[in-house]
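Geometric and topological summary
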Amino acid sequence: ALTTATSTYTRGVVQIRLIYSTGEITGPMLAASMVWQNALTLEQEAHFRAVKDLEEDCIINGNPTSADVGGTTTDEVAFTGLIQSITTNNQNKSSTELALDDVRNGFQTIRDARGEPDLIVTDHRTLNRIRALLQEVVRFMGPQETFNFNIGQTGIIFDGVPVIVSLLMPTAANGRELLILTVKKGSNIQMRVLQEPTFEELAKTSDSYKFMVKEYVTMLIAHENWCQRIRNL
């Protein structure tokens with residue numbers, strides 16, 4: 001006899017968040033800029049960038065239950081970002097310097113939970129700290145040994161995992177962070193987009209051209225224990 005195993009599924013619900021950036025160009029500026037450089041085009045580009053900057057800030061720092069944690073997010077209406085989402089594997093360095101073993105132990109913790117780290121996100125100072133540690137390792141390696149490090153000018157690959165910088169990561173002294181993420185496996189970290197950044201004209205109520213750029217988006221993490229947060233660096 002074969003016993004049937006019944007699968008159990010849990011539905012997760014994440015609220016879509018609405019991002020807006022509103023701009024306005026006066027009629028005289030529109031007319032004057034035609035002989036110099038189109039002011040409307042420049043303003044549109046600036047507001048598209050503002051929407052994507054706010055989205056990135058939410059991805060890193062979003063915290064809808066408390067005050068802002070480091071970026072420019074209006075947190076009461078943000079989606080929960082990476083820093084606040086990673087609660088299971090949360091290492092407090094208590095203002096001590098990062099060591100390579102911290103990163104390797106993070107990899108091991110994630111893999112023990114059946115995740116597969118494929119991205120590290122941090123700030124510029126912590127990136128330079130990792131670069132300095134790796135340069136010491138490379139300096140003392142014999143000619144027959146191989147390693148999986150790439151110490152470039154703009155980025156690093158550590159044990160096959162790229163390290164990238166976000167300017168919206170915390171940068172306060174003794175408050176920096178390093179996030180080890182499983183992004184691809186099982187589509188673990190997803191951006192759910194109801195509407196891409198979209199330009200839309202607004203009502204004309206004066207001698208000006210008013211518009212907005214809007215985006216409907218949120219982020220979800222299927223298994224937050226497939227990620228590691230190393231904080232207070």
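What counts and how
Residues numbered from 1 in each chain as written. Predicted model: local features only at pLDDT ≥ 70, side-chain atom pairs only at ≥ 80, totals over all residues. Heavy atoms only, no water. Helix = DSSP H or I, 4+ residues; strand = E, 2+ residues; numbered from the N terminus. Buried < 20%, exposed > 50% of the residue type's maximum accessible area, 1.4 Å probe, protein only. Areas by Shrake-Rupley, 256 points an atom, 1.4 Å probe, with all protein chains shown as cover. Expected span 1.5 Å × (residues − 1). Arc of directions from axis to C-beta. Salt bridge = Lys/Arg side-chain N within 4 Å of Asp/Glu carboxyl O. Core = buried A, V, L, I, M, F, W, Y, C linked by side-chain atoms within 4.5 Å. Contact = heavy atoms within 4.5 Å. Patch = residues over 30% accessible without salt bridge, like charges linked within 9 Å, V, L, I, M, F, W, Y side chains within 5 Å. Phe/Tyr/Trp six-rings, centres within 6.5 Å; stacked < 30°, edge-to-face > 60°.

Below, the discussion takes up the overall build of the protein. Helix and strand counts for the protein stand at 5 helices and 10 strands. Burial statistics for the protein: of 233 residues in total, 39% are counted as buried. Put simply, the protein shows about 13,500 Å² of open surface, and 52% of that area lies on carbon and sulfur atoms.

Between the first and last C-alpha of helix H4 (residues 100-112) there are 19 Å, a value that for 13 residues agrees with the 18 Å anticipated at 1.5 Å per step. Taken as a whole, H4 has its buried residues at Leu100, Asp102, Val103, Gly106, Phe107 and Ile110. Relative to the axis of H4, the buried residues are bounded by an arc of 165 degrees and lie together on one face. Facing away from the buried side of H4 by over 90 degrees, the exposed positions are Asp101 and Asp112. One or two residues past the end of H4 sits Arg114, with phi positive at roughly 75 degrees.

Under the defined criterion, the tally for this structure stands at 10 salt bridges. Note that Glu97 is salt-bridged to Arg129, the shortest N-O span being 3.7 Å. Here the residue Glu97 occupies a position in the loop between strand S2 (90-92) and H4, and Arg129 occupies one in helix H5 (residues 124-139), the gap between them amounting to 32 residues. For the salt bridge of Arg111 with Glu116, the shortest nitrogen-to-oxygen distance reads 3.1 Å. Taking the relative accessible area as the measure of exposure, Arg111 reaches 39% and is therefore partly exposed. Through salt bridges with shared partners, one network takes in Lys52, Glu55 and Glu215.

Looking now at the nonpolar core. If you look at the biggest cluster of nonpolar residues, it comprises 26 residues, and the most contacted ones within it are Leu82, Leu179, Leu181 and Ile189. Counting residues per element, the ones that place at least two in this core are strand S1 (17-26), helix H2 (39-61), helix H3 (82-85), strand S3 (119-122), strand S7 (178-181) and strand S9 (208-221). Ranked by residues supplied to this core, first place goes to H2 with 6 residues. Setting aside its immediate chain neighbours within four residues, Leu179 contacts Leu82, Ile83, Ile86, Leu119, Ile120, Val121, Met169, Gln228 and Arg229. Listed in part, the 17 residues of the second largest apolar core include Leu134, Phe158, Val163 and Ile230.

Together, Ile16, Leu18, Tyr20 and Leu194 make up a nonpolar patch on the protein surface, roughly 400 Å² of accessible area in all. Among the structural elements, Leu194 can be located in strand S8 (residues 189-201). The exposure class of Leu194 is exposed, given its relative accessible area of 62%.

For the rest of this paragraph, the subject is the packing of aromatic side chains. What the rule picks out here adds up to 3 aromatic pairs. With a centroid separation of 5.9 Å and an interplanar angle of 45 degrees, the aromatic rings of Phe107 and Phe158 are classed as tilted. Taken as a pair, Phe107 in helix H4 and Phe158 in strand S5 (residues 156-158) lie far apart in primary sequence, 51 residues in all. Residue class for Phe107 comes out buried when judged on its relative accessible area of 2%. Exposure remark for Phe158: the relative accessible area of 1% places this residue in the buried category.

Moving on to unusual backbone geometry. We note that Ser95 has phi near 70 degrees; this positive angle belongs to a residue other than glycine. What makes Ser95 partly exposed here is its relative accessible area of 41%. With phi around 55 degrees, Asn232 is a residue other than glycine that occupies positive phi space. Its location among the elements puts Asn232 in the segment after strand S10 (228-231).

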